[in-house]
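# Observations on the model geometry
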Amino acid sequence: MNKKEGSNRKSTSNRNTKGKPTGFSKPKPAMAKRSQKPKKVTTDTQPPAAKPKVKSDDIRLNKYIANSGACSRRDADIYIQSGNVKVNGEVIIEMGYKVKPGDVVNFDGATIVPEKKEYILLNKPKNFTTSVEDDRDMRNVFELIKNASQAKLQAIGRMDKNTTGLLLFTNDTDMIRKFGLPNQKSPKIYQVSLDKNLKFEDLEKIAGGISFDEHRLYVDEISYIDDQPKTEIGIKLRTPNVKVVRAIFEKFGYDVIKVDRVSFAGLTKKNLPRGNWRALTEQEIINLKNF
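So, here's what we can say about the structure. Not measured: the values here are computed from a predicted model. (Residues numbered from 1 in each chain as written. Predicted model: local features only at pLDDT ≥ 70, side-chain atom pairs only at ≥ 80, totals over all residues. Heavy atoms only, no water.)

Under the criterion given, the structure shown has 9 salt bridges. Between aspartate 174 and arginine 73 there is a salt bridge, with the nearest N and O atoms lying 2.9 Å from each other. Residue aspartate 174 is located in helix H3 (residues 173–180), and its partner arginine 73 is located in helix H2 (residues 73–81); the two are separated by 101 residues in the primary sequence. For arginine 73, a relative accessible area of 22% translates into the label partly exposed. Between glutamate 143 and arginine 139 there is a salt bridge, with its nearest N and O atoms 3.1 Å apart. On the basis of relative accessibility, which here comes to 36%, the residue glutamate 143 falls in the partly exposed class. A residue is classified by how much of its surface remains accessible, and arginine 139, at 46% relative accessible area, is partly exposed. Each of Lys63, Arg73, Asp174 and Arg177 takes part in one network of salt bridges that share partners. (Salt bridge = Lys/Arg side-chain N within 4 Å of Asp/Glu carboxyl O. Helix = DSSP H or I, 4+ residues; strand = E, 2+ residues; numbered from the N terminus. Buried < 20%, exposed > 50% of the residue type's maximum accessible area, 1.4 Å probe, protein only.)

Time to look at the packing of aromatic side chains. Under the defined criterion, the tally for this structure stands at 3 aromatic pairs. Between tyrosine 79 and phenylalanine 107, the ring centres sit 4.6 Å apart and the planes meet at 55°, which makes this aromatic pair tilted. Here tyrosine 79 is found in helix H2, whereas its partner phenylalanine 107 is found in strand E6 (residues 105–107), with 28 residues between them in sequence. Under the relative-accessibility criterion, tyrosine 79 is labelled partly exposed at 28%. Arranged with centres 5.4 Å apart and planes meeting at 75°, the rings of phenylalanine 142 and phenylalanine 169 form a pair that is edge-to-face. Separated by 27 residues along the polypeptide, phenylalanine 142 in the loop between strand E10 (139–140) and strand E11 (154–155) and phenylalanine 169 in strand E12 (residues 163–170) bring together distant segments of the chain. Under the relative-accessibility criterion, phenylalanine 142 is labelled partly exposed at 29%. Among the residues examined, phenylalanine 169 registers a relative accessible area of 0% and is labelled buried. Between the NZ or CZ atom of lysine 196 and the centre of the ring of tyrosine 254, over which it lies, the distance is 5.3 Å. Against the face of phenylalanine 212 rests lysine 251, its NZ or CZ located 5.4 Å from the ring centre. (Phe/Tyr/Trp six-rings, centres within 6.5 Å; stacked < 30°, edge-to-face > 60°. Lys NZ or Arg CZ within 6 Å of the ring centre and 35° of its normal.)

Below, the discussion takes up the sheet that holds strand E7 (residues 110–112). Reading across the sheet, the 4 strands line up as E4-E3-E6-E7 and stay open at both edges, with antiparallel pairing between neighbours. Looking at strand neighbours, the two that pair on one side only are strand E4 (90–91) and E7, the edges of this open sheet. Bridge analysis of strand E3 (residues 85–87) against E4 gives 2 bridges, and the strand direction is antiparallel. Paired with valine 87 across the two strands is glutamate 90, which belongs to E4. (Pairing = 2+ DSSP bridges.)

The structure is reproduced here in structure tokens:
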């Protein structure tokens, strides 16, 4: 998202123009000379016992079950406590039990194997829904990625039929849960089309934060789009709820014509036409896990 600067005052952002250079401190006084007397050595103490190392390939049983797509970790705990999970033919009810490579896990009467983690990025077009509970006459986004993977993928977050842009799918239950948390702080950038020009005073008010039902929503950045009418706005915020984007502008009396998510947690639409998908690179997956 580009911003113009100067006399036309087309954008707002937080700047610290009076900050002092960092990394410098007053010289510390010289340390007092230490005693040159030899230290007393004792031989009656034993070094602390080394902690046993856990093999990196071991995995908690509830996570193993969740990774297979059978259920969530929380539900897996219930199955384990109920005695419905076996490892190598033995019933396991111990919470935190570690599954080792080569172990055979039987879940509720069936042998399960964790799926390979897959991550698919879609540039969602208009008039596709993310929920199977929506209007049956509306097409579903899973039609667009049906050839991407044989795994049981889920969309991270929801998008209404009129919202377009980046939507991430995965069978990584940890990542789905992580990006679904209300306090998740990964940045998202949207291009919003309004029914009329956004007043500069309204832009400044939005930049300062908006209150919804006694909750304060902070906007990282907001600006007019370069070389576009002032109905085209770029906004960067961290809430996972797409509906909030529309609510922000409707609160100031604007009708939202279009919302397009152009960036999600550092991922962009570069070389990804509308309606197309691609698999994430290894580095992109690492970046997402570090958010």
